[in-house]
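A closer look at the structure
In case you want the letters, here they are:
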Amino acid sequence: MKQAAANEENRQRLVDQRQTARPRVSVVAPVYNEQGNIRPLISALQEVFQRLADEADFEIVLVDDGSADSTWAEVVAVAADVLELKALRLSRNFGHQNALLAGLFNTEGDVVITMDGDLQHPPELIPELLANWRLGYDVVNTERVDIGENSLFKRKSSHFFYHVFSRLTEVRLTQGTSDFRLMDKKVLNSLLMFNDVRMFFRGAVAWVGFSTLTVPYRLQPRHSGTTKYPLKRMLGFAGSAIVSFSTVPLKIGIFIGFLTSLLAFAELSWVIAQYFRGITVPGWASTLGIVSLLFGVLFILLGTMGLYVSRIHEALQGRPRFLISESTSGRFLNDR
Ligand code: UDP
Ligand code: MG
């Protein structure tokens, strides 16, 4: 009881502190072939910063994930005018999660907000994210309310993924969360300690804990350009996320092994019993059936093991998860 009161007192102290604080907020967005979205994104963010000018300072960290279009040229041009914009260019395309990681390593804020660079994640939600940080939450996740911005297939497959992921892992993911969230510096520092070969931020953020709140938002249509996650890439991402957070697929073999041994034992007992009754059971066809079934199962399990072994292989290589080829510096608004 005493402990509960002490906890409450601590929480209240944190809330009081944050209510009056003037935090430095870093907004991180990875951009890959988003040439048409850079200017609209920056203006939308600046509008929000303007509204919050009395209560926080902002910097923007854009990470060009090896774009092949004129994204980098756009970013550099905008950075010349927008002092709070810091930009990094990766040496090639390293993928959304690694680009995000590169950005996070280069933030200086007390609070960081990550979002997509295609304006699907509305910057107008930032005041609400920040208000919840002031209420003492260290992670403010967002949950998309998607009324048809994504295709039916994308919505259904995403639903299926969250279901399978939650079944196979001990991390609880909320349906419809993406990498649009606010994190306190201490959460960020915990994430930067991860050595995962393939970061899956949604899982990692759920894994680290901390006081978390989820707020809904309405998913916006892409401002310009097309999605960088076609089906093949989405499947790869989903599989990789499961390998990162679950070893259940490795253990499925044990279950199937027990089951098939049991069936084989029953069949064999029956064959022997028949033999003693003077009947020889014919049936090379059924034998062949069983053998090919088991071979099928065996190859699937072998492949599954391969997924994990290849992950160990990658981890042993210990290659960098991103490489920065160019950068521009930025500063917080009040540092000018
Ligand atoms: N992205 C990236 N590298 C990639 C793929 C995507 O930096 O290899 C960025 C992309 O520019 C966008 C965000 O990640 O800002 C989300 O990608 P996208 O909008 O294509 O995904 P969707 O919203 O369609 O799921
Ligand atoms: Mg998008």
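Residues numbered from 1 in each chain as written. Chains lettered and ligands numbered in written order. Predicted model: local features only at pLDDT ≥ 70, side-chain atom pairs only at ≥ 80, totals over all residues. Heavy atoms only, no water.

**Focus: the overall build of the chain**
Within the chain, the secondary structure is distributed over 11 helices and eight strands. In terms of its C-alpha atoms, the chain occupies a principal-axis envelope of roughly 95 × 60 × 40 Å. With 336 residues in all, the chain has 41% of them scored as buried. Restricting to contacts in the chain with at least 6 residues of sequence separation, those with at least 24 account for 84%. Just so you have it, the chain exposes about 18300 Å², and 61% of that area is on carbon and sulfur atoms. Of the side chains in the chain, 35 bear a positive and 33 a negative charge, and the two mean positions are spaced by 7 Å. (Helix = DSSP H or I, 4+ residues; strand = E, 2+ residues; numbered from the N terminus. Buried < 20%, exposed > 50% of the residue type's maximum accessible area, 1.4 Å probe, protein only. Contact = heavy atoms within 4.5 Å. Areas by Shrake-Rupley, 256 points an atom, 1.4 Å probe, with all protein chains shown as cover. Lys, Arg positive; Asp, Glu negative; His and termini not counted. Charge placed at Lys NZ, Arg CZ, Asp CG, Glu CD.)

**Observations regarding the confidence of the model for the chain**
Across the chain, pLDDT averages 89, with 97% of residues at or above 70. Element-level pLDDT for the chain is lowest in helix α11 (residues 284–317), with a mean of 80, against a maximum mean of 98 in strand β4 (residues 111–114). (pLDDT = per-residue confidence, 0-100.)

**Points about the site of ligand 1**
Around ligand 1, the surrounding shell holds 18 residues, and the nearest of these are Glu34, Asp65, Thr227, Lys228 and Arg233. Between ligand 1 and asparagine 93 there is a distance of 3.1 Å, counted from an oxygen atom to a side-chain nitrogen or oxygen. Arginine 222 places a polar side-chain atom, nitrogen or oxygen, 3.0 Å from an oxygen atom of ligand 1. If ligand 1 stood free it would expose 530 Å²; the protein chains cover 93% of that surface. Tallied by class, the residues present in the shell around ligand 1 amount to four nonpolar, six polar and eight charged. (Near = heavy atom within 4 Å. Polar contact = N/O pair within 3.5 Å; in protein donor to acceptor, adjacent residues only side chain to side chain. Nonpolar A, V, L, I, M, F, W, Y, C, P; charged D, E, K, R; others polar.)

**As for the coordination of the magnesium ion (ligand 2)**
Angles at a metal have ideal values that depend on geometry: 109.5 degrees with four tetrahedral donors, 90 or 180 degrees with six octahedral donors. Distances from the magnesium ion (ligand 2) to its protein donors, namely Asp118 (OD) and Gln120 (OE1), fall within the range 2.0 Å. Here aspartate 118 matches glutamine 120 in class, with each residue buried. (Donors = N, O, S within 2.8 Å, 3.2 Å for Na, K, Ca; no water.)

**Quick look at the pattern of salt bridges**
Overall, the coordinates contain 18 salt bridges when judged by the stated rule. When the shortest N-O distance is used, the salt bridge between aspartate 179 and arginine 202 registers 4.0 Å. Here the residue aspartate 179 occupies a position in strand β6 (residues 177–184), and arginine 202 occupies one in helix α8 (residues 201–208), the gap between them amounting to 23 residues. Each member of the pair, aspartate 179 as well as arginine 202, is classed as buried. Three or more residues joined by partner-sharing salt bridges are found here, namely Arg18, Asp138, Asp184 and Lys186. (Salt bridge = Lys/Arg side-chain N within 4 Å of Asp/Glu carboxyl O.)

**As for unusual backbone geometry**
Of note in the backbone geometry, asparagine 33 takes a positive phi value of approximately 50° without being a glycine. As for its placement among the helices and strands, asparagine 33 is situated in the loop between β1 (24–31) and α2 (38–51). Accessibility expressed as a relative area gives 25% for asparagine 33, which makes it partly exposed. With a phi close to 65°, leucine 119 is a non-glycine residue in the positive phi region.

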